[in-house]
Amino acid sequence: MTQRIAVYGGSFDPFHTGHLVPTVRAQETFKFDAVFFVPAGNPPHKQDEPLTPITHRLSMVAMATLPYERFFASDDEVFVDGPTYTVETVKRYRERFPHAGLYFLLGSDSFSQISTWNRWIELVNHAHLVVLHRAHIWGSELRQRVPEELRSRLVEVEPFADVPDPTEQTVYLLNHDPFPVSATDVRQRQRQGLPIRELVPHEVNSYIEKYRLYRTDDED
Ligand code: ATP
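All of the points below concern the structure found in this document. (Residues numbered from 1 in each chain as written. Predicted model: local features only at pLDDT ≥ 70, side-chain atom pairs only at ≥ 80, totals over all residues. Heavy atoms only, no water.)

Here's the deal with the overall build of the protein
- The helix and strand tally for the protein stands at eight helices and seven strands.
- Relative to the globule expectation of 17 Å for 220 residues, the C-alpha radius of gyration of the protein, 17 Å, shows essentially globular dimensions.
- When the backbone C-alpha atoms are referred to their principal axes, the protein occupies close to 55 × 35 × 35 Å.
- Here the protein holds 220 residues, and 48% of them are scored as buried.
- As displayed, the protein offers around 11,200 Å² of accessible surface, 49% of which is attributable to carbon and sulfur atoms.
- Computed over 23 positive and 31 negative side-chain charges, the inter-centroid distance for the protein is 1 Å. (Helix = DSSP H or I, 4+ residues; strand = E, 2+ residues; numbered from the N terminus. Rg over C-alpha atoms; globule rule 2.2 N^0.38 Å. Buried < 20%, exposed > 50% of the residue type's maximum accessible area, 1.4 Å probe, protein only. Areas by Shrake-Rupley, 256 points an atom, 1.4 Å probe, with all protein chains shown as cover. Lys, Arg positive; Asp, Glu negative; His and termini not counted. Charge placed at Lys NZ, Arg CZ, Asp CG, Glu CD.)

Structure representation (structure tokens):
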């Protein structure tokens, strides 16, 4: 089997179990040699909402992935000035692993909007996509939103199925149970003083408490 390298980009503000658990499902299925989680530097579509400093977001990813032998935190977008584009990050992995099968992981909500991404055609020509099941967009609803150009590339995969090396660029829809957690929800609950223990890996929970992230200034 060709070496398999996966890249998973996101704000990870914070990294939560909705990022982690579906990726574990993907790992059980695709048997990646390595999965690199890349916290976004300055994503062009989130310019008006300030993100938590990337140093915190990278630390949370690093701690949460420590128990997983093949999962890694990547600082690829930490030192980039100006907006960071996924296509550039994926191209960097293409250069780093010229002979590997390259897979880009994303949730189905993001995938349904892929045609709004900068140079998206270039992106899907550099990497196979593995689309993770995010509750509200799946099945026929998702298929309707898939750009015309990608329809013929769609392949549904059941968890734990044997996935042979693809012979052409493929978009895999991984049919795992959805894991309905969002970072917006985690931040809101933390702001309201509600428990977030079940929504984030325990290392992330401790980190958020210690560094008092997602609190408003008027709280003690
Ligand atoms: P926010 O609520 O701040 O918009 P988010 O929870 O969507 O954040 P991001 O870090 O922005 O998380 O998302 C990065 C990637 O993770 C995207 O491709 C997104 O679709 C995917 N993702 C996030 N949460 C889930 C989930 N629960 N299940 C599957 N994919 C998810």
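After presenting the structure, the write-up continues.
Overview of the site of the ligand
- Within the structure, the ligand sits among 20 residues, and Tyr8, Asp109, Phe179, Ala183 and Thr184 are positioned closest to it.
- In the environment of the ligand, an oxygen atom lies 2.4 Å from a nitrogen or oxygen atom belonging to the side chain of Thr184.
- Protein chains shield 89% of the accessible area of the ligand, which is 600 Å² for the free molecule.
- Elements that contribute at least two residues to the shell around the ligand include exactly β1 (4–10), α1 (17–30), β4 (101–107), α4 (108–111) and α7 (183–191).
- For the shell around the ligand, the class distribution of residues is six nonpolar, 10 polar and four charged. (Near = heavy atom within 4 Å. Polar contact = N/O pair within 3.5 Å; in protein donor to acceptor, adjacent residues only side chain to side chain. Nonpolar A, V, L, I, M, F, W, Y, C, P; charged D, E, K, R; others polar.)

Focus on the packing of aromatic side chains
- Evaluated as defined, the whole model comprises 18 aromatic pairs.
- Considering the side-chain rings of Phe104 and Trp117, the 6.2 Å spacing of their centres and the 85 degrees angle between planes classify their relative orientation as edge-to-face. Of this pair, Phe104 sits in strand β4 while Trp117 sits in the loop between α4 and α5 (120–126); the two residues are 13 residues apart in sequence, bridging distant segments of the chain.
- Looking at Trp117, the relative accessible area reads 23%, which means it is partly exposed. (Phe/Tyr/Trp six-rings, centres within 6.5 Å; stacked < 30°, edge-to-face > 60°.)

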